[in-house]
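One letter stands for each residue in the lines below.
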Protein chains: 2
Amino acid sequence: MTGTAKRDDPVSLALDLVGDRWTLAVLRDLLKGITRFSELKRSVNGIAANILSDRLQRLERYGIVGRHVYSEHPLRAEYRLTPKGHELGVVAGALAAWGARHLSDEPYLVHAECGDAAVVRYFCDTCDRTIRGAEVRLSR
Amino acid sequence: MTGTAKRDDPVSLALDLVGDRWTLAVLRDLLKGITRFSELKRSVNGIAANILSDRLQRLERYGIVGRHVYSEHPLRAEYRLTPKGHELGVVAGALAAWGARHLSDEPYLVHAECGDAAVVRYFCDTCDRTIRGAEVRLSR
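Residues numbered from 1 in each chain as written. Chains lettered and ligands numbered in written order. Predicted model: local features only at pLDDT ≥ 70, side-chain atom pairs only at ≥ 80, totals over all residues.

S.K.: Help me understand the interface of chain A and chain B, please; the structure alone is not making it clear to me.
M.R.: Interfaces are often sized by the accessible area lost when the parts come together. Every contact between the two is made by 72 residues of chain A and, on the other side, 72 residues of chain B. Only helix H1 (10-18), helix H2 (21-31), helix H5 (83-103), strand E3 (109-111), strand E4 (118-124), strand E5 (129-131) and strand E6 (136-138) of chain A provide two or more residues apiece to the side of chain A that touches chain B. By residue number, the principal contributor to the side of chain A that touches chain B is H5(A), which donates 17 residues. Residue classes in the side of chain A that touches chain B are distributed as 39 nonpolar, 19 polar and 14 charged. Note that E4(A) and strand E4 (residues 118-124) of chain B share seven bridges and pair antiparallel. (Contact = placed C-beta atoms within 7 Å. Helix = DSSP H or I, 4+ residues; strand = E, 2+ residues; numbered from the N terminus. Nonpolar A, V, L, I, M, F, W, Y, C, P; charged D, E, K, R; others polar. Pairing = 2+ DSSP bridges.)

S.K.: Help me out: how do you make sense of the relation of the copies chain A and chain B in this one?
M.R.: The two chain copies are related to each other by a rotation about an axis together with a translation along it. Under the fitted operation, chain A is carried onto chain B by 0.0 Å of movement along the axis and a turn of 180 degrees, and the coordinates agree to an RMSD of 0.0 Å. Expressed as a symmetry operation, the mapping of one chain copy onto the other fits a two-fold axis. A share of 100% of the interface residues of chain A reappears at the interface of chain B, consistent with the copies meeting face to face through the same patch. (Least-squares fit on C-alpha atoms with pLDDT ≥ 70 in both.)

S.K.: Explain unusual backbone geometry here, please?
M.R.: Phi is mostly negative for residues that are not glycine, and the peptide bonds are mostly trans. Residue and element names in this part refer to chain A. With omega at -5 degrees, the peptide bond leading from histidine 73 into proline 74 counts as cis. Considering the arrangement of structural elements, one finds proline 74 in the loop between strand E1 (65-71) and strand E2 (76-81). At aspartate 128, a residue that is not glycine, the phi angle is positive and equals roughly 50 degrees. In this structure, aspartate 128 sits in the loop between E4 and E5. Residue class for aspartate 128 comes out exposed when judged on the 8 C-beta atoms lying within 10 Å of it. (Buried ≥ 20, exposed ≤ 12 C-beta atoms within 10 Å, placed from the backbone.)

S.K.: In this structure, what is going on with the pairing of E2(A)? I would like to understand it.
M.R.: Consecutive side chains of a regular strand alternate in pointing toward one face of the sheet and then the other. Residue and element names in this part refer to chain A. Across six bridges, E1 lies against E2 in antiparallel orientation. Its bridge partner being in E2, valine 69 is matched across the sheet by alanine 77. Hairpin connection of E1 to E2: four residues between the antiparallel strands.

S.K.: I keep staring at the sheet that holds E5(A) and nothing clicks. Help me out?
M.R.: Picture the strands of a sheet paired through backbone hydrogen bonds; they go either parallel or antiparallel. Across the sheet, four strands lie side by side as E5(A)-E4(A)-E4(B)-E5(B); this open sheet has antiparallel pairing. On the outer flanks of this sheet lie E5 of chain A together with strand E5 (129-131) of chain B, each paired with one strand and no other. Taking each pair of neighbouring strands and ignoring which way they run, the sheet shows an average axis angle of 65 degrees. (Axes fitted to C-alpha atoms, helices over the stretch in contact; angles between N-to-C directions.)

S.K.: Help me out: how do you make sense of the nonpolar core in this one?
M.R.: A general tendency of soluble globular proteins is for nonpolar side chains to be buried together. In terms of nonpolar packing, the biggest core is built from 76 residues, with Val91(A), Ala94(A), Val91(B) and Ala94(B) touching the most fellow members. What Ala94(B) contacts, discounting residues up to four positions off in sequence, is Val90(A), Val91(A), Ala94(A), Val120(A) and Val120(B). (Core = buried A, V, L, I, M, F, W, Y, C linked by C-beta atoms within 7 Å.)

S.K.: So what exactly am I meant to see when it comes to the pairing of E4(B) here?
M.R.: All names here are of chain B. When you tally the buried positions in E4, you get five out of seven residues, the bulk of the element. Where E4 lies against E5, three bridges are found, and the strand directions are antiparallel. Paired with cysteine 124 across the two strands is arginine 129, which belongs to E5. Joining the antiparallel neighbours E4 and E5 is a turn of four residues, in which aspartate 128 adopts a positive phi near 55 degrees.

S.K.: Sorry, what's going on with the packing of H5(A) against helix H5 (residues 83-103) of chain B here?
M.R.: Helices that pack against each other are described as a pair by the angle of their axes relative to one another and the distance between those axes. Between H5(A) and H5(B), whose axes approach to 10 Å, the crossing angle comes to 165 degrees. Between H5(A) and H5(B), the crossing angle belongs to the class labelled roughly antiparallel. Crossing handedness for the pair H5(A) and H5(B): left-handed. Contacts between H5(A) and H5(B) involve Lys84(A), Glu87(A), Leu88(A), Val90(A), Val91(A), Ala94(A), Leu95(A), Trp98(A) and His102(A) from the first element and Lys84(B), Glu87(B), Leu88(B), Val90(B), Val91(B), Ala94(B), Leu95(B), Trp98(B) and His102(B) from the second. (Parallel < 35°, antiparallel > 145°, perpendicular 65-115°, else oblique. Left-handed = near helix turned anticlockwise from the far one by under 90°.)

Here is the structure:
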C-alpha cells in the first residue's frame, strides 16, 4: 500500500534514522557539546561501547555527525554535529522539553542568558515572526 | 544503572509514548485537523483499525488527545489534540521538516500566509526572540 505511514514519509524516514532511544540520547549529549567517545560513553549512562560506536558510525554515515581526529598517537577523535545534525537537535530539544514538562520532574530547557524557559516554536524567516501550528501546512 | 538513557529521562519517556511510527503518523494527521476515526483510518494509509483504535486510546489516556462524541445514534466521536498534544505537534512538525529537507523529496512545512518555509526554532518568551541551540541549556 502507498501512503503517509510508508517508509518514504519524512516522519517515518527520520524515525528510521534517529527514532531509537540510544541515538536520541547520543544526539542530546552531542547537542550539549560533549564530543569525545569516552565522555559520551559516560554521559549516556548504560550505553555499551559497541552500541555507541555503531550509533556514531551510523550518524556519521548519514552526515549528521562529523568525526575529527585530534590525535594520531594514540588515535583520538571528536564527534560534532554537522549543520544537518544541528537542525535535528531542535527535534531532540523539543521532545526533551515536552517530556520534561509533561512526563517527569526533569528540568526544562532554559535560555542560558536569562534563565527562563526556552520553548520550541514554528518561525517564518520571511515574515520574521513566530507562527502558530494552525498557520503551518505542507507545501503541496 | 542510573543515567540519561534510562526510562525516567524526558526524551526516553516521550519516546515510550509517541516514538512509534503509527503514533507519530496519527499525531501528524490530527495536527492537520483530521478528527474522525474513518478519516484518520484513510489518511494514515495502511493502518489497521485496531491499531488506530489502540493508539487513539493510548493518546487519550495520556491526555494528548481528547475524544468528543458528536452523535449518539449512531455513536460517532471526534478526536482532537489537547493543549498538551498541540505542544507535541511541534515535535512531529520539526521531525517532518527535517526529514523532508534531508531525506526525501516530500514537501517542506510552509507558512500558509506567505507560502515560504516554516522552520522550527528555540524561542525565549522573556527575551521575545529566537535563540540558538548553543544558548539553550538544561535548567539544573
